[in-house]
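# Observations on the three-dimensional arrangement
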Amino acid sequence: MQKRLFIPIIFLIVVVLAACRVGRNYQRPALALPGQFNSTGQVPSDSSIAGVEWRQFFKDPVLVALIDTTLKGNYDLQIALKNIESAQAYVKQAKLGWLPTLNLQATASTSYPSKNSLNGISLNTFLGTSHIEDYNLIANLSWEIDVWGKIKRQKEAALADYLNSFEGARAVQTQLVANVANSYYNLLMLDEQLQIAKYNVALSDSIVQMMRLQKTSGDVTELAVQQAISQQQTAALLVPQLEQGIAIQENALRILAGQLPATLPRSGKLEEVKMWDQLSAGVPADLISKRPDVRSAEAQLVAANALVGVAQASMYPALTLTASGGLNSYKAAKWFDINSLTGTALGGLMQPIFQRRQLKTQLEVAKVQRDQAEFRFRQQALTAIGEVSDALIKLDKLQTQRQVATDRVETLATAVGQARLLFNSGMANYLEVITAQSNALQAQLSRADIVRQQLSASVDLYRSLGGGWK
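All of the points below concern the structure found in this document.

Definitions and cut-offs
Residues numbered from 1 in each chain as written. Predicted model: local features only at pLDDT ≥ 70, side-chain atom pairs only at ≥ 80, totals over all residues. Heavy atoms only, no water. Pairing = 2+ DSSP bridges. Helix = DSSP H or I, 4+ residues; strand = E, 2+ residues; numbered from the N terminus. Axes fitted to C-alpha atoms, helices over the stretch in contact; angles between N-to-C directions. Salt bridge = Lys/Arg side-chain N within 4 Å of Asp/Glu carboxyl O. Buried < 20%, exposed > 50% of the residue type's maximum accessible area, 1.4 Å probe, protein only. Core = buried A, V, L, I, M, F, W, Y, C linked by side-chain atoms within 4.5 Å. Contact = heavy atoms within 4.5 Å. Phe/Tyr/Trp six-rings, centres within 6.5 Å; stacked < 30°, edge-to-face > 60°. Lys NZ or Arg CZ within 6 Å of the ring centre and 35° of its normal. Expected span 1.5 Å × (residues − 1). Arc of directions from axis to C-beta. Polar contact = N/O pair within 3.5 Å; in protein donor to acceptor, adjacent residues only side chain to side chain.

### Thoughts on the sheet that holds strand β2 (residues 132-145)
Each strand in a sheet pairs with another by means of backbone hydrogen bonds, the pair being arranged parallel or else antiparallel. Across the sheet, 4 strands lie side by side as β1-β2-β3-β4; this open sheet has antiparallel pairing. Because the sheet does not close on itself, it has two edges, and the strands there are β1 (101-111) and β4 (341-350). Neighbour-to-neighbour, the strand axes of this sheet turn through a mean angle of 20°, independent of strand direction. Bridging between strand β3 (residues 318-329) and β4 involves 10 bridges; their strand directions are antiparallel. By the bridge assignment for β4, leucine 319 is matched with leucine 349.

Here it is in structure tokens:
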């Protein structure tokens, strides 16, 4: 009767102890998030451009093809994907943490004791042999009962690490998509500025010729001619500088795609790039669930919280069940005989007493690392809010800047034409002509840069909202 009650009692004790889980379950820290993004005139909306796939967000087919090529060949993204595979392996290991370990061992030994020893005399007297043979085939099983939830917390940490690597790869892709788009728009800006510089070189040449004619007729001095040539050289100097920038930007894009440096074919122009009419940012609370780097930071916090439970459980008693069984014989001929069967079973409870403060230190460090992970999560969420707000501000103000820059370019283009007419009629001096042309050149270059900034701001908003990984 006592033997019948022994197993149920042990099982009941294990069940009761298993309910004593250590460590707290993860709960997302309270974040002070605004109801809407500030300094914009947007009406709060549940929709966000973050849900748009990057193939639909970018409307330039050349850019779409370039991004696709880069995502396939970029080494940073490939490394991030390998991190996912590594995390998957640890998850598979953690899922089997509940199961016992099983080892199989086979040994065969022969020993020859001294004939003058008690063992040697006994062997010769009772067995008629001078040596001892021992043959073993033993299976050892060890099973740690997850009394305090340590294995459960280890599995939780492994799953969180996997999620971290997964979201990390997404974060790499969103940044990569944004980098390619911004670099492409920068390349189109340099193309535009190169055309502006070449046009101004040609325009300056006509002004130099005009000044030389005026000098021949005695209306201006050599100084006027030299000033006109200087203005032409200023525009000409921009040409090799911009060509250098174009070549370097092309190389950077090729290397980003994992390819050798080379020229990059393109057919579009900066002014032809189409922007979205409405760029909805959604509500700030969506960033926590949509932005990969924020989700990655939260996964790190989940893992750190689980490791605190593991460290706590290591300080409590460990219940281990062990068993071994197999075959043992002193002769090879009887090794696999039924009478050679042997087996043992053991249950043990081990409580750490003095470990030179290792276990307590591990717990204290785990708690500190959990606090650090929480700070990083909060910081990442705050950074995300700030980046979205900055991008919205840029889009709002750059639209105004672009209109002003366009008006300024048109005004100065008119001024150049009028200055030349007035100069020919003797109502303006050569400095007014040169100044008007110089201002027109700078206005055209500045407008191209503002258009590029506007396109980059839309890309930054898309990335900062978590778009680009789909």
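Now that the structure has been shown, the text picks up again.
### Brief notes about the pattern of salt bridges
In the structure shown here, the tally under the stated rule is 19 salt bridges. Measuring nitrogen to oxygen at the nearest pair gives 2.7 Å for the salt bridge that ties aspartate 68 to arginine 55. Note that aspartate 68 is positioned in helix α3 (residues 61-73) and arginine 55 in helix α2 (residues 54-57), a separation of 13 residues in sequence. One salt bridge in this structure joins aspartate 396 and lysine 397, with 3.9 Å as the shortest N-O distance. Classification of aspartate 396 by relative accessible area gives partly exposed; the value is 38%. Overlapping salt bridges, with partners in common, bring together Arg291, Asp293, Glu387 and Arg463 in one network.

### Overview of the nonpolar core
Counting 66 residues, the largest nonpolar core has Phe58, Tyr185, Leu461 and Leu465 as its most contacted members. For this core, the secondary-structure elements that each account for two or more residues are α2, α3, α6 (150-216), α7 (222-256), α8 (287-290), α9 (292-313), α10 (358-424) and α11 (430-464). With 14 residues, the top contributor of residues to this core is α6. Apart from the residues within four sequence positions on either side, leucine 465 is in contact with Phe37, Ser48, Ile49, Ala50, Ser280, Ala281, Leu287, Lys290, Arg291 and Val388. Counting 21 residues, the second largest nonpolar core, distinct from the first, contains Leu203, Met210, Ile434 and Ala443.

### A few points about the packing of aromatic side chains
Counting across every chain of the model gives 8 aromatic pairs. The interplanar angle of 90° and the centroid separation of 5.0 Å between the aromatic rings of phenylalanine 57 and phenylalanine 58 together place this pair among those described as edge-to-face. Taking 4.9 Å as the distance between ring centres and 40° as the angle between the ring planes, the aromatic pair formed by tryptophan 148 and tyrosine 316 counts as tilted. Of this pair, tryptophan 148 sits in the loop between β2 and α6 while tyrosine 316 sits in the loop between α9 and β3, and the two are 168 residues apart along the sequence. Look at tryptophan 148 and you get buried, because its relative accessible area is 16%. Ring pairing ties together the aromatic residues Phe57, Phe58 and Tyr462, which thus form one cluster. Above the face of the tryptophan 469 ring, arginine 170 is positioned so that its terminal group lies 3.6 Å from the ring centre.

### Describing the environment of valine 388
Summarising the element assignment, valine 388 is placed in helix α10. What makes valine 388 buried here is its relative accessible area of 0%. For the pair valine 388 and asparagine 179, spaced 209 residues apart in sequence, the C-alpha to C-alpha distance is 17 Å. Residues contacting valine 388, with those up to four places away along its chain left out, are Phe37, Ala281, Leu287, Leu461, Ser464 and Leu465.

### Thoughts on the pairing of β3
Sheet topology places β2 next to β3; 11 bridges connect them, and they run antiparallel. Bridge pairing in β3 places isoleucine 138 opposite glycine 326.

### Looking at unusual backbone geometry
At arginine 357, a position not held by glycine, the phi torsion is positive, near 70°. Using a relative accessible area of 43% as the deciding quantity, one classes arginine 357 as partly exposed.

### Topic: helix α4 (residues 75-95)
Because each turn of an α-helix spans 3.6 residues, side chains separated by three or four positions end up pointing in the same direction. Taking 1.5 Å of rise per residue, the 21 residues of α4 would be expected to cover 30 Å, and the 31 Å separating its terminal C-alpha atoms lies within 8% of that figure. All buried positions along α4 are accounted for by Leu77, Ala80, Ile84, Ala87, Val91 and Ala94. Buried residues of α4 fall within an arc of 80° about the axis and therefore sit on the same side. Opposite the buried face of α4, by more than 90 degrees, sit the exposed residues Tyr75, Ile79, Lys82, Lys92 and Gln93. Here the buried face of α4 lies against α3 and α6. A distance of 3.0 Å separates the backbone nitrogen of aspartate 76 from a side-chain oxygen at the start of α4, and that oxygen is part of asparagine 74.

### Focus on the side chain of serine 183
With respect to the helices and strands, serine 183 occurs in helix α6. A distance of 2.8 Å separates a polar side-chain atom of serine 183 from the backbone oxygen of asparagine 179. Apart from residues no more than four positions distant in its own chain, serine 183 is found in contact with Gln249 and Leu253.

All quantities given are derived from atomic positions and should not be read as evidence of function.
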